[in-house]
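A structural walkthrough
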Amino acid sequence: EPEVTQTPSHQVTQMGQEVILRCVPISNHLYFYWYRQILGQKVEFLVSFYNNEISEKSEIFDDQFSVERPDGSNFTLKIRSTKLEDSAMYFCASVTELNTEAFFGQGTRLTVV
Amino acid sequence: GDSVTQMEGPVTLSEEAFLTINCTYTATGYPSLFWYVQYPGEGLQLLLKATKADDKGSNKGFEATYRKETTSFHLEKGSVQVSDSAVYFCALNRQGAQKLVFGQGTRLTINP
């Protein structure tokens, strides 16, 4: 069964460092998403990506964040200069088209120290 | 804005007990409603969904009915198993919107 794959499963980084979280969406999917969940809080939408550009982003997704689909298979989330409050579980998701089932990866736990 | 509220966890039950996890929502229009489940070490998986009022979603013995009058989508299962231990997320998606809006999740532990 096709699945969304995220790497790494856990990343520890020092405050101020750049991190790149990687995702391989399901191959025939067209819409890609990043969500995050700070420990004990809600899963929050960060950004959606379609046709090689951002289609929607939340207020959380500020200038420190960027997304890219560099090679037609990977979908990455970059945080330029991490803060302690960026510590969270980050989920990637993809869908074939709007209002269909979203398939999620297993998440990357980011710990900023 | 749109929002989803779930009952506070964690919830601990004995095997074969009846389960209810409450979920209410606030949204404009007619959203689609979902329950996602996250088993330990895995990603979010769609458990069931309902796309219009009075629809009942069901899967693996779980059920939830889309109640527009009470803006609710409570998850129920008649007899839980140890393997149902997971975190359950209620979510909505407005028609044509690109994102899911999640509740905070409810951790369920089933003891043998």
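Starting afresh in each chain, residues are numbered from 1 along the sequence in its written order. As a convention, the first chain written is A and the first ligand written is 1, with the rest following in written order. Totals for whole chains, interfaces and linings use all residues, but because this is a predicted model, local features are given only for residues with pLDDT of at least 70 and pairs of side-chain atoms are given and counted only at 80 or more. Values shown for side chains rest on all heavy atoms present in the structure; no hydrogens or waters enter the calculation.

Considerations on the overall build of chain B
- Put simply, DSSP H or I for four residues or longer makes a helix, DSSP E for two residues or longer makes a strand, and each gets a number counted from the N terminus. Helix and strand content of chain B: 0 helices and 12 strands.
- The quantity called the radius of gyration is restricted to C-alpha atoms. Its globule counterpart is 2.2 Å times the number of residues to the power 0.38. Rg of the C-alpha trace for chain B: 13 Å, near the compact-globule value of 13 Å for 112 residues, within the 12% margin.
- With the principal axes as the frame, chain B shows a C-alpha extent of 40 × 25 × 20 Å.
- The buried label goes to any residue with under 20% of its type's maximum accessible area, the exposed label to any with over 50%, and the partly exposed label to all in between, with areas taken from a 1.4 Å probe on protein chains only. Considering chain B as a whole, with its 112 residues, one finds that 46% of them fall into the buried category.
- Restricting to contacts in chain B with at least 6 residues of sequence separation, those with at least 24 account for 55%.
- Working note: accessible area of chain B is about 5200 Å², and carbon and sulfur atoms make up 46% of it.
- Each charge sign in chain B was given a centre, from 10 positive and 11 negative side chains, and these centres are 8 Å apart. Any two residues whose heavy atoms approach within 4.5 Å at even a single point are treated as in contact. The protein chains shown are the only cover counted for residues, whose accessible areas, like all others here, come from Shrake-Rupley with a 1.4 Å probe. We score Asp and Glu as negative and Lys and Arg as positive, and we do not count His or the chain ends. Taken as the charge location is NZ of Lys, CZ of Arg, CG of Asp or CD of Glu.

Details of the pattern of salt bridges
- Basic side-chain nitrogens of Lys or Arg form a salt bridge, by our definition, when they fall within 4 Å of a carboxyl oxygen of Asp or Glu. Summed over the entire model, instances satisfying the criterion amount to 6 salt bridges over all chains.
- One salt bridge connects Glu-44 of chain A with Arg-36 of chain A, and the closest N-O pair in it is separated by 3.3 Å.
- Of the residues examined, Arg-36 of chain A reaches a relative accessible area of 9% and is grouped as buried.
- For Lys-52 of chain B, the salt bridge is made with Asp-55 of chain B, and the minimal N-O distance between the two is 3.4 Å.

Topic: the sheet that holds strand S8 (residues 62-65) of chain B
All names here are of chain B.
- When DSSP finds at least two bridges between two strands, those strands are taken to pair. Spatially, the 4 strands line up as an open sheet ordered S3-S9-S8-S7, and their pairing is antiparallel. Looking along the sheet, the strands with just one partner apiece sit at the ends: strand S3 (19-21) and strand S7 (56-59). Across this sheet, the average inter-strand angle for adjacent strands is 20°, counted without regard to direction.
- Relative to strand S9 (residues 75-77), S8 is paired through 3 bridges, and the arrangement is antiparallel. Paired with Ala-64 across the bridge in S9 is Leu-75. Interaxial angle, 0 to 180 degrees, is taken between N-to-C directions of lines fitted to C-alpha atoms, where a helix line uses only the stretch in contact.

A short note on the interface of chain A and chain B
- Contacts between the two partners involve 19 residues from chain A, matched on the other side by 20 residues from chain B.
- When residues of chain A are sorted by the area they lose upon contact with chain B, Lys-42, Asn-99 and Phe-104 of chain A head the list and together hold 33% of the total.
- For the interface between chain A and chain B, the tally reads 1 salt bridge.
- Glu-56 of chain A is paired through a salt bridge with Lys-99 of chain B; the nearest N and O atoms lie 3.4 Å apart. Simply put, the buried area is the total loss of 1.4 Å probe accessible area from both parts when two parts are fitted together.

A closer look at the environment of Leu-46 of chain A
All names here are of chain A.
- Structurally, Leu-46 is set in strand S5 (residues 43-50).
- With 10 residues separating them in the primary sequence, Leu-46 and Arg-36 have C-alpha atoms 7.0 Å apart.
- Residues in contact with Leu-46, not counting those within four places in the same chain, are Trp-34, Tyr-35, Arg-36, Glu-56, Lys-57, Ser-58, Ile-60, Phe-61, Leu-77 and Tyr-90.

Considerations on the sheet that holds strand S7 (residues 65-68) of chain A
All names here are of chain A.
- Across the sheet, which stays open at both edges, the 4 strands sit in the order S1-S3-S8-S7 with antiparallel pairing between neighbours. Edge positions in the sheet fall to strand S1 (5-7) and S7, since each has one partner strand and no second. Across the sheet, the axes of successive neighbouring strands diverge by a mean angle of 20°, strand direction being ignored.
- In this structure, S7 lies alongside strand S8 (residues 75-79), joined through 4 bridges in antiparallel fashion.

Here we look at the state of the cysteines
- When the sulfur atoms of two cysteines come within 2.5 Å, that pair is taken as a disulfide. Using the criterion set out here, one finds 2 disulfides over all chains in the structure.
- Here Cys-23 of chain A is linked by a disulfide to Cys-92 of chain A, with a sulfur-sulfur distance of 1.9 Å. Judged by the torsion about the S-S bond (-65°), the Cys-23 of chain A/Cys-92 of chain A disulfide is left-handed. On the criterion of sequence distance, the pair formed by Cys-23 of chain A in strand S3 (residues 19-24) and Cys-92 of chain A in strand S9 (residues 88-95) is long-range, its members being 69 residues apart.
- Judged by relative accessible area, Cys-23 of chain A falls into the buried class, the value being 0%.
- Of the residues examined, Cys-92 of chain A reaches a relative accessible area of 0% and is grouped as buried.
- One disulfide bridge connects Cys-23 of chain B with Cys-90 of chain B, the sulfur atoms lying 1.9 Å from each other. Between Cys-23 of chain B and Cys-90 of chain B, the disulfide has an S-S torsion of -70° and is therefore left-handed. Of this pair, Cys-23 of chain B sits in strand S4 (residues 23-26) while Cys-90 of chain B sits in strand S10 (residues 86-93); the two residues are 67 residues apart in sequence, bridging distant segments of the chain.

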